[in-house]
Amino acid sequence: MLILFNKPWGVLSQFTDPEGRPTLADFVDVANVYPAGRLDRDSEGLLLLTDDGTLQHRIAHPGTGLHKTYLAQVEGIPSPGQLSRLQRGIKLKDGMARAVSARLLARKPGWLWRRDPPVRVRKRIADRWIEITLDEGRNRQVRRMTAAVGLPTLRLVRVAIGPWSLDELAPGTWGKGDPNAA
């Protein structure tokens, strides 16, 4: 079984929390499924859950090369040089990291929901949206990469993992996916 879940901001990518914070259990009422990978508490978007250990490994393991696509609202106006650096590679504390692709979006996608709470706004500092695709998924990788090129991430939304995408899923909702798609 494969579940596609649109994880809201502030929800942990696990089913229990001793501190009582919102978890997957507050949204997904299916027994014996587990996240295939993680999405930080302060990130939103597509999270895959499965009851198949082999599929979970294929989705989550960085070595499989399954592309993960994100929309990132960054502080500043990305230059072509900054976007190129993301694709050429950046040295992070845990090694080199590079984006398969990184491009500036003309505007915030019209289909993107409002975040609650909203992202802070600074009148004197512009922000823009970029689309960035990775073929691995290290801890907070997009945030660390954008910060390394001088573009701190304000909001991060994962929109696709391999062949699976958010499509019409509203935040906090889920649907079934085809586990054989990848």
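Residues numbered from 1 in each chain as written. Predicted model: local features only at pLDDT ≥ 70, side-chain atom pairs only at ≥ 80, totals over all residues. Heavy atoms only, no water.

J.: Tell me about the nonpolar core, and name the residues and values.
T.: The nonpolar side chains of a soluble globular protein tend to be buried, and buried together. In terms of nonpolar packing, the biggest core is built from 27 residues, with Tyr 70, Leu 86, Ala 99, Ile 132, Leu 134, Val 142 and Met 145 touching the most fellow members. Breaking this core down by element, the ones donating at least two residues are strand S1 (2-7), strand S3 (44-50), strand S4 (68-75), helix H2 (80-88), strand S5 (90-92), strand S8 (127-134) and helix H3 (141-148). When residues no more than four places from it in sequence are discounted, the contact partners of Met 145 are Leu 86, Ile 90, Leu 92, Ala 97, Arg 98, Ala 99 and Leu 134. Counting residues in hydrophobic clusters, the runner-up holds 19 residues, among them Ala 36, Leu 46, Leu 66 and Trp 164. (Core = buried A, V, L, I, M, F, W, Y, C linked by side-chain atoms within 4.5 Å. Buried < 20%, exposed > 50% of the residue type's maximum accessible area, 1.4 Å probe, protein only. Helix = DSSP H or I, 4+ residues; strand = E, 2+ residues; numbered from the N terminus. Contact = heavy atoms within 4.5 Å.)

J.: Residues and numbers for the environment of Ile 3, please.
T.: With respect to the secondary-structure elements, Ile 3 resides in strand S1. Apart from the residues lying within four places of it in its own chain, the contact partners of Ile 3 are Val 28, Val 30, Val 33, Leu 47, Leu 48, Leu 49, Trp 174 and Gly 175.

J.: Can you explain the pattern of salt bridges? Please cite residues and give values.
T.: Counted according to the given criterion, the structure contains 11 salt bridges. Arg 140 is the partner of Asp 42 in a salt bridge, and the nearest nitrogen-oxygen pair spans 3.1 Å. Of this pair, Asp 42 sits in the loop between strand S2 (34-35) and S3 while Arg 140 sits in the loop between S8 and H3, and the two are 98 residues apart along the sequence. Overall, the relative accessible area of 25% leaves Asp 42 in the partly exposed class. A residue is classified by how much of its surface remains accessible, and Arg 140, at 32% relative accessible area, is partly exposed. (Salt bridge = Lys/Arg side-chain N within 4 Å of Asp/Glu carboxyl O.)

J.: An account of H2 is requested, with residue identities and associated values reported.
T.: By the burial criterion, the buried members of H2 are Gln 82, Leu 83 and Leu 86. All buried residues of H2 fall inside an arc of 100° around its axis, so they share one side. Exposed residues on H2 whose side chains face more than 90 degrees from its buried face are Pro 80 and Arg 88. Against the buried residues of H2 lie S5, strand S7 (101-104), S8 and H3. Remark: Gly 89 follows H2 within two positions and exhibits a positive phi of approximately 125°. (Arc of directions from axis to C-beta.)

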